[in-house]
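The chain contents come next:
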Amino acid sequence: MGVADIVLIVILLIAIIIGLKKGTAGIFFGFFGFIIIGVILGIVVNLAAPSIVFTDKSAGIHSSIGEKIYDPIYSRFPTDGAIGDLFHSNIIKDGDTLRLDTTLVVGENTIVNPTLEEILSSSESFIPAQATSVAVTIISMFSKEGQTLAMTLSNAFTIYAVGTIMWIIAAFVLTIIKNIIRRQVYKWLDSHSTASKIDRAVGMAIATIIIVCIVWGAGLFIKIQADAGEDWAVSATDYVNDNTLVLEKLNQANLLIMIVDGERAPDSETPTE
């Protein structure tokens with residue numbers, strides 16, 4: 001049994017104690033419940049925010065709320081010099097590639113109608129090279145033929161701003177409602193001993209399952225990286241196999257890896273014609 005086994009056992013014991021103390025109600029009405037609320041709100045807000053920002057999204061017509069947020073953001077983009085020309089150049093959609101109706105000068109090279117990748121990669125002081133693909137993806141989500149880069153970015157920032165405000169307000173309200181429901185559930189459990197014991201036992205099981213799933217998720221990630229030839233992942237796999245007992249057995253029973261790889265029947269069980 002290695003150090004990793006001891007750490008895992010300690011974490012499992014802590015999870016069991018928390019599960020027994022908090023119970024199912026405590027887990028789902030506590031921080032875990034807030035995470036669930038946050039994820040659900042993120043999905044809902046992502047779908048609802050554009051409808052609040054635009055009265056006609058296809059035509060780019062803003063609502064009164066959208067316009068009040070959009071205008072100050074748009075006015076922040078520079079209009080002078082090369083950077084101003086860049087932000088206020090029209091977007092050209094070339095299939096799945098986005099280009100700008102401008103000319104980009106990089107050193108001694110001149111690029112007509114450069115792609116966003118070419119623009120961002122030549123502006124590392126403005127956007128780090130590592131963030132280029134992320135920035136292009138975000139811009140592509142909000143871009144429209146004929147709009148300028150400044151208009152596209154302003155629309156994106158406006159939607160994100162409205163969505164953030166919506167998320168904060170909704171999360172605050174739902175958290176209050178969650179706490180009210182939690183108090184009522186706690187009162188009911190306190191007055192029903194059998195239900196309270198069952199709640200704590202289930203809470204212990206759920207807390208343990210959460211830890212196991214986290215370990216399995218880490219094991220799946222390491223396996224994927226090891227299969228890709230990452231040295232650190234191969235070393236981590238060797239360490240688990242050679243120096244642990246509990247962690248190794250848990251990894252051998254990793255359902256996530258079984259699902260991804262697919263369970264194969266032994267050759268002896270393969271039907272013959």
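Structure: above.
Heads up: these notes are all about the structure in this document. Not measured: the values here are computed from a predicted model.

What about the overall build of the chain?
Consideration 1: Along the backbone of the chain there are 11 helices and 6 strands.
Consideration 2: Computed over C-alpha atoms, the radius of gyration of the chain comes to 27 Å, more than 25% over the 19 Å expected from 2.2 N^0.38 for 273 residues, which places it beyond the range of a compact globule.
Consideration 3: Overall, the chain is about 70 × 55 × 50 Å in size when its C-alpha atoms are taken along their principal axes.
Consideration 4: Burial analysis of the chain (273 residues in total) assigns 32% to the buried set.
Consideration 5: Excluding contacts between residues fewer than 6 apart, the proportion of contacts in the chain whose partners are at least 24 apart in sequence is 59%.
Consideration 6: When the accessible surface of the chain is split by element, carbon and sulfur atoms take 65% of a total near 17200 Å².
Consideration 7: Here the chain carries 17 positive and 27 negative side-chain charges, and the mean point of each set is 20 Å from the other.

Structural notes on the packing of aromatic side chains
Consideration 1: The final tally for this structure, using the stated rule, is 5 aromatic pairs.
Consideration 2: Consider the rings of Phe142 and Tyr160, whose centres lie 5.6 Å apart with planes at 75°: the pair is edge-to-face. On the criterion of sequence distance, the pair formed by Phe142 in helix H6 (residues 132–142) and Tyr160 in helix H7 (residues 149–190) is long-range, its members being 18 residues apart.
Consideration 3: Residue class for Tyr160 comes out partly exposed when judged on its relative accessible area of 37%.
Consideration 4: Arranged with centres 6.0 Å apart and planes meeting at 35°, the rings of Phe221 and Trp232 form a pair that is tilted. Of this pair, Phe221 sits in helix H8 (residues 193–227) while Trp232 sits in helix H9 (residues 231–243), placing them 11 residues apart in sequence.

Here we look at the pattern of salt bridges
Consideration 1: Within the structure shown, the criterion is met by 1 salt bridge.
Consideration 2: Note that Asp227 and Lys223 form a salt bridge whose closest N and O atoms lie 2.8 Å from each other. Here Lys223 and Asp227 lie together in helix H8, a separation of 4 residues that amounts to about one turn.
Consideration 3: Given a relative accessible area of 24%, Lys223 falls into the partly exposed group.

So, the environment of Leu255
Consideration 1: You can see Leu255 is positioned in helix H11 (residues 255–261).
Consideration 2: We classify Leu255 as partly exposed; its relative accessible area is 43%.
Consideration 3: Separated by 38 residues in the primary sequence, Leu255 and Gly217 place their C-alpha atoms 9.5 Å from one another.

A look at unusual backbone geometry
Consideration 1: Even without glycine at this site, Asn113 takes up a positive phi of about 50°.
Consideration 2: Summarising the element assignment, Asn113 is placed in the loop between strand E6 (109–112) and helix H5 (116–121).
Consideration 3: The class for Asn113 is partly exposed, based on a relative accessible area of 26%.

Description of the nonpolar core
Consideration 1: Counting residues in hydrophobic clusters, the biggest one holds 17 residues, and the most contacted among them are Phe77, Phe87, Leu100, Leu116, Ile139, Leu149 and Leu153.
Consideration 2: Taken together, the elements giving at least two residues each to this core come down to helix H4 (81–87), strand E4 (97–100), H5, H6 and H7.
Consideration 3: In this structure, Leu8, Ile27, Ala207 and Trp216 belong to the second largest nonpolar core, which totals 13 residues.

Concerning the pairing of strand E3 (residues 91–94)
Consideration 1: Of the strand pairs in this sheet, E3 and E4 are connected by 4 bridges, and their pairing is antiparallel. When the sheet's bridge partners are listed, Lys93 is paired in E4 with Leu98.
Consideration 2: Here E3 folds back onto E4, and the loop between the two strands holds 2 residues, one of which, Gly95, carries a positive phi near 70°.

Description of the side chain of Asp199
Consideration 1: With respect to the helices and strands, the residue Asp199 is situated in helix H8.
Consideration 2: Buried charge without a salt bridge: Asp199, with Arg200 as the nearest opposite-charge side chain at an N-O distance of 5.9 Å.
Consideration 3: Apart from the residues within four sequence positions on either side, Asp199 is in contact with Lys22, Gly23, Thr24, Ala25 and Leu189.

Concerning the packing of helix H2 (residues 31–53) against H7
In helix packing, the relevant descriptors are the interaxial angle and the interaxial distance, both defined with respect to the helix axes.
Consideration 1: One way to put it is that H2 packs onto H7 with a least axis distance of 8 Å and a crossing angle of 140°. Judged by the angle between their axes, H2 and H7 are oblique. In this structure, H2 crosses over H7, and the sense of that crossing is right-handed. Here Gly33, Phe34, Ile37, Gly38, Leu41, Gly42, Val45, Ala48, Ala49, Pro50, Ile52 and Val53 of H2 come into contact with H7, specifically with Thr158, Ile159, Val162, Gly163, Met166, Trp167, Ala170, Ala171, Leu174, Thr175 and Lys178.
Consideration 2: Partitioning the contact of H2 with H7 into residue classes produces 16 nonpolar, 6 polar and 1 charged.

About the thresholds
- Residues numbered from 1 in each chain as written.
- Predicted model: local features only at pLDDT ≥ 70, side-chain atom pairs only at ≥ 80, totals over all residues.
- Heavy atoms only, no water.
- Helix = DSSP H or I, 4+ residues; strand = E, 2+ residues; numbered from the N terminus.
- Rg over C-alpha atoms; globule rule 2.2 N^0.38 Å.
- Buried < 20%, exposed > 50% of the residue type's maximum accessible area, 1.4 Å probe, protein only.
- Contact = heavy atoms within 4.5 Å.
- Areas by Shrake-Rupley, 256 points an atom, 1.4 Å probe, with all protein chains shown as cover.
- Lys, Arg positive; Asp, Glu negative; His and termini not counted.
- Charge placed at Lys NZ, Arg CZ, Asp CG, Glu CD.
- Phe/Tyr/Trp six-rings, centres within 6.5 Å; stacked < 30°, edge-to-face > 60°.
- Salt bridge = Lys/Arg side-chain N within 4 Å of Asp/Glu carboxyl O.
- Core = buried A, V, L, I, M, F, W, Y, C linked by side-chain atoms within 4.5 Å.
- Pairing = 2+ DSSP bridges.
- Axes fitted to C-alpha atoms, helices over the stretch in contact; angles between N-to-C directions.
- Parallel < 35°, antiparallel > 145°, perpendicular 65-115°, else oblique.
- Left-handed = near helix turned anticlockwise from the far one by under 90°.
- Nonpolar A, V, L, I, M, F, W, Y, C, P; charged D, E, K, R; others polar.

Keep in mind these numbers describe shape, not what the thing actually does.
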